[in-house]
Amino acid sequence: MRRTAILICLLLLPAVATRLFTAIYPFFNTVWLSFHDWNPAFPPQQFVGLKNFQALTRDIAVTSSISFTVLFVTVSTLLEIVLGMAIALMLNRAFFGRGAVRAVNLIPWAIPMVVAAIGFRWMYDTQYGVINDLLHRTIGVKVPWLVDFWGARAAVIATNVWKSTPFVGLVLLAALQGVPQDLYEAGRVDGTNRVSAFFYITLPLIMPQIVTIGLFMVVWQLAAFDLVFAMTGGGPGFATQLLAYRIYQVAFTALNFGYASAISMVLFIVVGIASIIGLLLFRKVEVSL
Amino acid sequence: MKDQPTVTRVSRRKFLKAATLAAGSLGIGAGLSACATPPTRAPQQPAQPAELSPTQAPATDAGRKTLVLAIQGFAHDAMKPVLAKWEERTGHKVTLESGPVSGNEMITKYAPAFQSGVSPVDVMSDADDSGPTFYRAGWMEPLDAVIPQETWDDFPESFKQQIEVWHSFNGKRYRVPHEFAIGYTFYRKDWFDERKIEPPKTWEEVVAIGKEFTNPPVFGTMEAMIKPALAFVYMAYLAAQSGGNLFEFDDATAQAFQFAYDLIHTHKIMPETALSMDYTQQNEEYMKDHVAFMRQWPFFWDVARGNKNWYQEGKAEIALPPAGPAGAKSWWGGWGFSVPKFAPNKTEALDLIAFITNNENAPILAKGQSWFVMPRKSIMAVMGNEGLAVHMQRYAEANVPSPRPFHPKVAEAQSIVDDVASLYLTKQISLAEALQQGKERIAALG
């Protein structure tokens, strides 16, 4: 028994050691740095207590980033789930060429985010962009998407949704295929129509997957960076500045590691809260089944 | 029948024991190496003076080294003849690597390595807005002992102050300039000649002449101002003309901000979409015959002339910049060569940097690529009557060059101007709020 325990410990050691030095140590180092004033170009490193946290409450760049991050993640996740569900329902039906359509559906997801962001920046261009061209031809208007506060936000969110929805659709399609067909048959015998079947059979049965993918999307998107990096640079002003992008700016262009660590702590707390809400939701959904 | 190889069977228990020990050792080894504290400060030993070129004997086969020189990809071809000369003389080899295209990217790419006490490159082309950060952090090698005085003397007097501010720290020089970047006024001489008018000489004329040409999609002028960094570039340009101290957000800076706002929103001679454009888009607009005149960096000279399907003489000529309240000014900055403190082949790297920047090789680089054209005496002696060099001299004679605005925390300070300008020019805040916010955020930098 004791030999088995030792063997288990030894086998776990590499994984534990790797995790310790790739996740645990960096995390605690970030916590420690957040209480310090540290910029390698302006030594020495000094303990400043809560000064970095006080500073970020007055930093309009950070407060604006938090508000847009929350908006970006909430709206994107909701749209991705609704549209992903629509795609999944469509692809779950039998029709000619379904395999090809399923493959095409995944194209946006397979395109690197930076490539998509640069492509969309040109597409949103007021003079030459295909989006404004279509708007102009159909309803006679041109929108200065990327220089308007709400236009830029809408453009960034729409691009993110376009890119991520196929993946959500794929996961929900897999979930739909796990729903037993005999439930629908029983429902039909009882006179259930398609809408009722969706709300009373499909949705409850795939709710755990919806909550799981929703939670994943929230956490991933809280750390989104590349989209605004390549598409808007966080502008105009701070309109599309995400918290992760702000951390990048402070840490890697200004080398202000202490302050960047403090902002990272805020992001960690936001991710933590979102995760707890998601897990509670998941537990509730599981219980309701 | 062939002999069967002898197979030594290992019991499952022995295998598990051996595998566990090996994996455990690896884990512990990795852990210990991760625990090792990387040097947070560069070693303080003095620079190793490299032997100057003429005295260095070619390396023997065993002593041959391969150095890495990082510089933007478009400059590689121009570098090759000079590097070949050095390779022939020393017996070492130089590999070219594509370097980052902006100061922000320089810091992002190299700071983590330098902070860990290593360098992926031996010699690098470094930007103004990353260089000072690198020297302050102690990550660069002082060059005083290796760059001969005749190289420094080759730069005009007007360069000296800039070299002291942007290429030096604590009395030591860390970077040798190889690019003189100044915002030039490119204009459609063919259009102006047709209307028998001259390019604008004042801000008032910018507006008046701009209106004459503006008929969307054609605009009087254009400037790419997307974040990050590009709004700062234009505000610094206008503040040079208004005489403003950009990082103090003073009254003259306010004039510059107001002028940019008026060009877009009041006079409408610059499209609002300029605020979301990068330089590629700006150049595309110009080369689609949609712009009468604009400020642009020197690279547009080659970009315009390289567009064979569009370019004809007169389509991208250079005029002096318009004069604001402080005169016809344009700020200048650029790139220079440096050697990281942690360069793997530091002695050879120091010899290489002295070689490629000397008075004999600087003109060879300049003839190979306009990015290397500078008002150095050696370069002007060779190509003072050619292309961009003519305009460079003209700008210098007209006293156009204005120093790049300096702040010790240059990257953060520039980003504040960028943010505030973007907020103001997209009508999210008023001019008064922009100035107030700018002042407060600069003050918070300490």
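Note that the structure is a prediction, hence the values are computed from the model and not measured. (Residues numbered from 1 in each chain as written. Chains lettered and ligands numbered in written order. Predicted model: local features only at pLDDT ≥ 70, side-chain atom pairs only at ≥ 80, totals over all residues. Heavy atoms only, no water.)

A. Representation of the overall build of chain B within the structure. A count of helices and strands for chain B gives 18 helices and 16 strands. The 446 residues of chain B split such that 58% are buried. Considering only contacts in chain B between residues 6 or more positions apart, those separated by 24 or more positions represent 75%. Element-wise, carbon and sulfur atoms account for 54% of the exposed surface of chain B, whose accessible area totals about 18,800 Å². (Helix = DSSP H or I, 4+ residues; strand = E, 2+ residues; numbered from the N terminus. Buried < 20%, exposed > 50% of the residue type's maximum accessible area, 1.4 Å probe, protein only. Contact = heavy atoms within 4.5 Å. Areas by Shrake-Rupley, 256 points an atom, 1.4 Å probe, with all protein chains shown as cover.)

B. Spotlight on the interface of chain A and chain B. Between chain A and chain B, the contact holds 43 residues from the first and 47 residues from the second. Between chain A and chain B the total buried area reaches about 3,700 Å² when both faces are included, carbon and sulfur atoms providing 63% of it. For the chain A face of the interface with chain B, the top three residues by lost area are Phe42(A), Tyr128(A) and Val147(A), together amounting to 15%. At the boundary of chain A and chain B, one finds one salt bridge. (Buried area = accessible area lost by both parts, 1.4 Å probe. Salt bridge = Lys/Arg side-chain N within 4 Å of Asp/Glu carboxyl O.)

C. Focus on helix H11 (residues 279-287) of chain B. Most of H11(B) is tucked away: seven of the nine residues are buried. Listed in full, the buried residues belonging to H11(B) are Tyr279(B), Gln281(B), Gln282(B), Asn283(B), Glu285(B), Tyr286(B) and Met287(B). On its buried face, H11(B) sits against helix H6 (113-123) of chain A together with strand S8 (184-187), strand S9 (219-222), helix H9 (230-242), strand S10 (291-296) and helix H12 (299-306) of chain B. With a side-chain oxygen positioned 3.2 Å from the backbone nitrogen of Thr280(B), the residue opening H11(B) is Asp278(B). Just past H11(B), the residue Asp289(B) takes up positive phi, approximately 65°. (Polar contact = N/O pair within 3.5 Å; in protein donor to acceptor, adjacent residues only side chain to side chain.)

D. Highlighting the side chain of Asn39(A). You can see Asn39(A) is positioned in the loop between strand S1 (36-37) and strand S2 (46-47). For Asn39(A), a relative accessible area of 5% puts it in the buried group. A distance of 3.1 Å separates the side chain of Asn39(A) from the backbone oxygen of Ala254(A), its partner in a polar contact. Excluding anything up to four places from it in sequence, Asn39(A) contacts Ala254(A), Leu255(A), Asn256(A) and Glu412(B).

E. The environment of Met277(B), seen in detail. Residues and elements named next belong to chain B. Checked against the element boundaries, Met277 lands in the loop between helix H10 (251-266) and H11. Judged by relative accessible area, which is 1%, Met277 ranks as buried. Residue contacts for Met277: discarding those within four places in its chain leaves Met222, Ala224, Met225, Ile226, Leu230, Gln282 and Glu285.

F. Quick peek at the pairing of strand S14 (residues 330-333) of chain B. Residues and elements named next belong to chain B. Neither face of S14 is open: one carries Ser330 and Trp332, the other Trp331 and Gly333, and all of them are buried. In terms of strand pairing, strand S7 (residues 181-182) meets S14 through two bridges, oriented antiparallel. From the neighbouring strand, Ala181 faces S14, where its bridge partner is Gly333. Pairing of S14 with strand S16 (residues 401-403), which is carried by three bridges, proceeds in the parallel orientation. Paired with Ser330 across the strands is Pro401, a residue of S16. (Pairing = 2+ DSSP bridges.)

G. Fine view of the sheet that holds S7(B). Residues and elements named next belong to chain B. Strand order in the open sheet formed by three strands is S7-S14-S16, and the pairing between neighbours is mixed. Taken across any chain shown, the strands that pair with only one partner, and hence form the sheet edges, are S7 and S16. Taken strand by strand, H9 contacts S14 and S16, and its axis lies near 125° from that of S14. (Axes fitted to C-alpha atoms, helices over the stretch in contact; angles between N-to-C directions.)

H. Here's a closer look at unusual backbone geometry. Residue and element names in this part refer to chain B. Note that the residue after Pro216, namely Pro217, is joined by a cis bond; omega there is 10°. In this chain, Lys227 is followed by Pro228 through a cis amide linkage whose omega measures -5°. The residue Pro228 is located in the loop between S9 and H9 in this model. Positioned with a positive phi, Lys268 is a non-glycine residue whose angle comes to about 55°. Structurally, Lys268 is set in the loop between H10 and H11. You can call Lys268 exposed: its relative accessible area is 52%.

I. Highlighting the pattern of salt bridges. Summed over the entire model, instances satisfying the criterion amount to 24 salt bridges over all chains. For Arg121(A), the salt bridge goes to Asp278(B), with nearest N and O atoms at 2.9 Å. With Arg121(A) in helix H6 and Asp278(B) in the loop between H10 and H11, this pair bridges two chains. The buried category is assigned to Asp278(B), whose relative accessible area is 16%. Where Glu157(B) meets Lys160(B), a salt bridge forms, and the shortest distance between an N and an O atom there is 3.2 Å. Of this pair, Glu157(B) and Lys160(B) are both found in helix H6 (residues 157-166), three residues apart, which corresponds to roughly one turn of the helix. Three or more residues joined by partner-sharing salt bridges are found here, namely Asp128(B), Asp129(B), Arg175(B) and Arg404(B).

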